[in-house]
Every structure is written in C-alpha cells, then in structure tokens.
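# Descriptive structure summary
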Amino acid sequence: MRYSLSVFLIAIIPALTNQLLDDPSCSVVPVTVEGGVSGNRSCTHFPSPIPVGGVMERVPASAEDPLAPADPEKARFLAEFPGYNAAIEPLAARELSRLGGEHYLDYTGSGVYQTSQLMEVYSDLSQNAFGNAHSKNPSASRTDERTEEARRLVLEFFSAPEEEYEVVFTSGATQALKMVGEYFPWQADSSFLYLRSNHNSVLGIREYAAEKGASFHAVTEEEVEASIKEAEMEASTERGGGDGQQMPVDQTPKRELKEKKMPGSDDGFAPIPCLFAFPAKDNFSGRYYNLDWLRRLRETGGFGGTLHDGAAPACRRIWTLVDAAAFAPSKRLDLSRYPADFVAISFYKMFGYPTGLGALILRRDTDALLRKTYWGGGAVVSACCDVRWCKPKEVGDPHRLEDGTVNFLSISALRAGLSKLEEVGMDNIEAHIASLSRCLASRLQSLTHKNTNSPVVEVYGGEGLPDGLPEGGVVTFNVLTPDSHPVPFDEVADLAGSRGFHIRGGCFCNPGGCQDALDLTSEDIQRAAEGRTSCGGAVKAKSSLEAQWASKFGGSGGAGEGRTGPKRYGAVRASFGYLSTFEDAAAFARFIEEEYAR
Ligand SMILES: Cc1ncc(COP(=O)(O)O)c(C=O)c1O
C-alpha cells in the first residue's frame, strides 16, 4: 500500500509540476501562503477574458458584428439567440482541452471542471497543511477556518442571509434529501407531497413518511397551483375576507383535520408537519418550476382543497424541500426571495470538482424541527460509554447534522469552483444555456424524413414555453424512424458516444418525468424494470418483454401502443452547461441529421 502510494505520488507530482512549469500562463511570482510560508510560482491567474474579481463581460451575439463568423449557420444562430455568450468559446477551448475535440453534453449528469480550477486547488493543497478540525493545532485550525469560509461562500452564492440559513455539508444532493426524509418529524396524520416529476432521490423520502403511517401524494404542477390558490383563498376568508381581521381562536378552522388543538401554541392549533418537495429544475426535461411557490406556501402555510386522489392534506404549515441539484449549475437561486426551508445540492454538478460533496442548506428556524437519532463524531459534544447519555451539538450548529469528519479537503476546493461560476455570472449562464437548448431543439424539430415528411425527432418538455422550445439547457428527445417508430434510446446514445458525443439515455432516475412525457403507466415502468439493471440502462431482454406487452396491450409494435406507434421506455438527453458552445449543439444536430434523416 505504502509502495503503491509512493509510486502514485512519484508519478503525479512531476506530472503536475511539469504542467505548471510548461504552462506559459504560469508566472514566477511570490505566492502568499497561509501561515507565512511562501512559494514562488503561481498558476492561479490564467489569461482570461474575466476581469479579476468581477463578472466576465458577456460577448453579445450579433450578426452585424464586423467580427461575425463566416459560417452562415453560426451567424443565423447569433442573430436568433442573443443570450449566447461567445466569450465562453476561448475559455472552453483552453480549459477543456482534455476533451480532445469531443462534445460534452451531459451537464445534468455532471458538470465539468476547468483545468485552471484544478491548478488552483493543487496550488492551495500543496502549499497549505490541513488537519482534522476536531483537533486543536495549526493545520486543524486552517481546516476549521476554510470550512467556515466555505459555508459563508455557499450562503453568499445562494443569497441566503446568514442569520436565516445554515449550510450542512453532505456527500451530495441525495444524502441531503435523505437527511430531510429521515429527520423530518413525520406523524400518522402528516402528508408528504411531491411533484410527479422528481428524481428517485426525492421519491425515496416517502419510505420514511410511510414508515410513520403518513400519507404520500404525487401531484402535478397544475394541482400545486390550484392547491396553493385554494389555501390563499381560505386564508383570506379566515382573515375575514382580507380585511386584516384575525379569526378568533375558538372558531374551528376549515382545515381542522390536519391540526391538533394545542393550548400552548400561538393560535390554539399546532401544525401537523407536512413536507412538499419539488425540483427547481426538472432533470428529465430541463423545465424550471415556479419558485414563487416557496414564498406563497410560507405565507399561506399549506395546500388547500382536494387532490386528484381524493385526499385533502390541508396542512396548516407545510415545509418546503427544493431539490436544486439540476438547477444550481444553470440559474441563480436567490434564497432571500424564495424562502425554501430545505435545499439540496451536489457541487460536482455545478463545477465538476470536487465529487462526493454536497450540501443541505436549511433555514435556521427549521433546524429545531429535525429529529435525529444517531450521533457520532463532531455531532456530539460528549457521551458516556456505559450510560445512555450524550450531549449533542446544539440546534442551529450545522455540526449537529454532520456525523463524522466532513470531507475537508474537498470543502477547501469549493472556493475555486464557486468563483468559476461567479466569474462568468449566473445570469449569463442562464441565458447562454437557454440559447443552446432552444437552438438544438428547434434544429432537431425541423428535421423531417425525405420520403414520408414525418419528423425525425420528438422533443419533450417545451409545452407552455415560448415557441415550445426548452429553455433549461436540456434537450430530451427520441429519434423516430420514417414510419414514426422510436429508435431505441440506447442505440442512439451508444452511436453518439462512438462519435464523440457525451450524452445520456434512459429515464434519468426520474420515473414521473419519464411517465408523463412518454405516456407510460406505472405498470409500464414496473414491467420495463424487469429488463433493466439501472435507472439509466436500456430495457434488455426486449424480445420476452415485448411478447408480454404485445399480449397484454395487443400492440402491433410488440411493446404496447403509445401516443404515436410503439411506446418509448426512455429517451435521449443532451444537456448544456456554462462551458458549452454553439459548436457542441451544431455538431450534435448534424450528427442526428446525418445518421437518422432518411
Ligand atoms: C434533480 C436531481 N436530483 C438529485 C440528483 C441526485 O444527485 P446526486 O447523485 O449527486 O446525489 C440528481 C442527479 O442526477 C438530479 O438530477
């Protein structure tokens, strides 16, 4: 073990050092190292179009520009999509040279790191000593300072006031979501409501709810809207038609079923804990959901009316859980405007490195709600070995929710990653990726088969959006044959991979998004799982499954009839991020046209 580690270090250190020395952008300048040590070579300032300490100046797209590209296709794109940030092109060429000209189109799967970002981390770790923050020594103190600095930087990034929010480090978005599910004070009369289109990592929370006898409800976007409106109307009636009068405490509120009479509480009723979870951005379609729900739910206190399943989970106080794993890399999440109770993120999705690190950002006033059973490591101040006694960290201290030693070296790498996004600017990123997904979707939608004139591609997720084009940087689609049968998504993904396009096929661990876009029933999903080994995998053993479906549904295509021809059991997803370029989108559209338009 020691031998292989030293072989690794012997191999990696000269390689990294050479990279530093060979890189013409490295300057021989004194490096200020924490604790007073100083080095003499820095690669932290690569030549960049980004002014130091500021936001990159977006290069607006303009066809009239004297420097407009000779390529007429690109000139048209620039004229049509002014949100595209051309300043990204030299940055991406320099920072993603490791892709060797291939096209990375799986930003919803994982973001990518800039080479200079790694160099900054390398430079930091190689020149500063970090120890376990549970110790008391200089390297431990440095870890402690960096960890607290990282918490502040994360709060700043999400405009979360420090007095209102805290950051708990986790291994990723999934662990953050799981923690909320596990620690939420479910009761038999609680409800867990979640948007149908959600990642599996959110759906799994229902096991904790069900274990305590709580009900769970998968709701549509329309139902959420209608329920919030209903609750707003009820609240206004309770206030006496909006004249600001308080309802007397002894008057039974409409939603009494979900409230317990509690003499000690403000108005005589204690809220039954209910939770509503939704993704800020849908990882199936790239759709952005209405963040204003967060404010309205906080003001009204909950859902009103009756759901499609007949339930009336009229919780008087509903806590909100936002899965921002797919959203955070593409759009600004301003928690000072949208007061989510819990937010889950994964950092590698935002800026590629480090992996294995995420956060649960939670409102300080919800921390006390969480019921934690296990305690370990830094989550506890003191414990006895032979008596069931311990003194846990206090509510409001994020360490209370962080069992064991946090991933402190990765945490210290966050400032490099966060600054990469901030240098480009989240508003620029939002406009940039919207331009690319809208452009790719419109290109794909315009393709027709020569003989039948039928569409080559069916794109999902543009419903209700301007021009029906997806604006969230995600283009999810299926390729169709001239007789409108779906080409298996895994075949398309495999061929694309062999041609240097890094895309994804399947349902992307979002069964609800997949079901609704592809018209699949729960039964379809369950049957398809018989031939699947992962949520991204192809449906194997097609012949026996198809035979079963054919007899069940009487479908001529063998696999059951969907809206148009045989059902699709997954889709292909191309997703853009802040380092994507026009050439990535154009090359992929050309690939689909050349391979599939007949
Ligand atoms: C919307 C969404 N939520 C949650 C997750 C889970 O993230 P992780 O695997 O990083 O925990 C993903 C991952 O793809 C996602 O897209």
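Residue positions are given per chain, counted from 1 along the sequence in the order it is written. Whole-chain, interface and lining totals are the exception, using all residues; otherwise, since this is a predicted model, local features are given only for residues with pLDDT of at least 70 and side-chain atom pairs are given and counted only at 80 or more. Working from all heavy atoms in the structure, the side-chain values ignore hydrogens and water.

### Considering the pattern of salt bridges
Salt-bridge detection follows one rule: a side-chain nitrogen of Lys or Arg within 4 Å of a carboxyl oxygen of Asp or Glu. A full pass over the atoms with the stated rule returns 34 salt bridges. Of the charged contacts, one joins Arg-317 and Asp-341 as a salt bridge, the two residues approaching to 3.5 Å between their closest N and O atoms. You can see Arg-317 sitting in the loop between α10 (292-300) and β10 (318-323) and its partner Asp-341 sitting in the loop between β10 and β11 (342-346), a full 24 residues away along the chain. Within the structure, one salt-bridge network assembled from shared partners comprises Glu-164, Arg-298, Arg-317, Asp-341, Arg-363 and Asp-365. Segments assigned H or I by DSSP are reported as helices when at least four residues long, segments assigned E as strands when at least two residues long, and all are numbered from the N terminus.

### Some points on the sheet that holds strand β18 (residues 504-506)
Paired strands, in this sense, are two strands between which DSSP finds at least two bridges. Taken together, 4 strands build an open sheet; the order of strands is β15-β16-β19-β18 and the sheet is antiparallel. Every interior strand has two partners, whereas the edge strands, β15 (457-460) and β18, have only one. Sheet twist, expressed as the average angle between the axes of neighbouring strands with direction ignored, equals 30°. Here β15 pairs with strand β16 (residues 474-479) via 4 bridges, running antiparallel. Considered in β16, the bridge of Val-457 is made with Val-479. Residues count as neighbours in contact if any of their non-hydrogen atoms are within 4.5 Å of one another. Every axis in this analysis is a line fitted to C-alpha atoms, fitted for helices over the stretch in contact. Angles between the N-to-C directions lie between 0 and 180 degrees. Packing against the sheet, helix α15 (residues 426-445) makes contact with β15, β16 and β19 (571-575), and its axis sits at approximately 15° to β16.

### Quick word on the environment of Phe-477
For Phe-477, the location among the structural elements is in strand β16. Sequence-distant contacts of Phe-477, that is, excluding residues within four places in its chain, are made with Leu-444, Val-457, Glu-458, Val-459, Tyr-460, Ala-571, Val-572, Phe-588 and Ile-592.

### Let's talk about the sheet that holds strand β12 (residues 358-363)
The mixed open sheet is built from 7 strands, whose spatial order is β4-β12-β11-β10-β9-β5-β6. Each of the sheet's edge strands pairs with one partner strand only, and the pair in question is β4 (165-170) and β6 (215-219). Taking each pair of neighbouring strands and ignoring which way they run, the sheet shows an average axis angle of 20°. As paired strands, strand β9 (residues 274-279) and β10 are joined by 6 bridges and run parallel to one another. Considered in β10, the bridge of Leu-275 is made with Trp-319. The strands touched by helix α6 (residues 173-183) within the sheet are β4, β9, β10, β11 and β12, with β11 carrying the most contacts at an inclination of about 155°.

### So, the packing of aromatic side chains
Stacked, tilted and edge-to-face are the three classes assigned to paired rings of Phe, Tyr and Trp, where Trp is represented by its six-membered ring and a pair needs centres within 6.5 Å; plane angles under 30 degrees give stacked, over 60 edge-to-face, the rest tilted. In total, this model carries 24 aromatic pairs according to the counting rule given. Considering the side-chain rings of Phe-157 and Phe-158, the 5.0 Å spacing of their centres and the 75° angle between planes classify their relative orientation as edge-to-face. Relative accessible area decides the class of each residue, using a 1.4 Å probe on protein chains only: under 20% of the type maximum gives buried, over 50% gives exposed, and in between gives partly exposed. Here Phe-157 falls in the buried class, since its relative accessible area comes to 5%. Under the relative-accessibility criterion, Phe-158 is labelled buried at 1%. Charge-over-ring contacts are defined here by two conditions on Lys NZ or Arg CZ: a distance within 6 Å of the ring centre and an angle within 35 degrees of the ring normal. Against the face of Tyr-288 rests Lys-331, its NZ or CZ located 4.4 Å from the ring centre. Here the guanidinium or amino end of Arg-573 rests over the ring plane of Phe-508, the centre of that ring lying 4.5 Å away.

### Observations concerning the pairing of strand β13 (residues 380-383)
Pairing of β13 with strand β14 (residues 390-392), which is carried by 3 bridges, proceeds in the antiparallel orientation. Paired with Ser-382 across the two strands is Lys-391, which belongs to β14. Counting the residues that bridge the hairpin from β13 to β14 gives 6 residues.

### Focus on the side chain of Arg-400
Tracing the backbone shows Arg-400 in the loop between β14 and α13 (408-412). Setting aside residues no more than four positions away along its own chain, Arg-400 makes contact with Asp-367, Leu-370, Lys-372, Ala-379, Lys-393, Glu-394 and Val-395.

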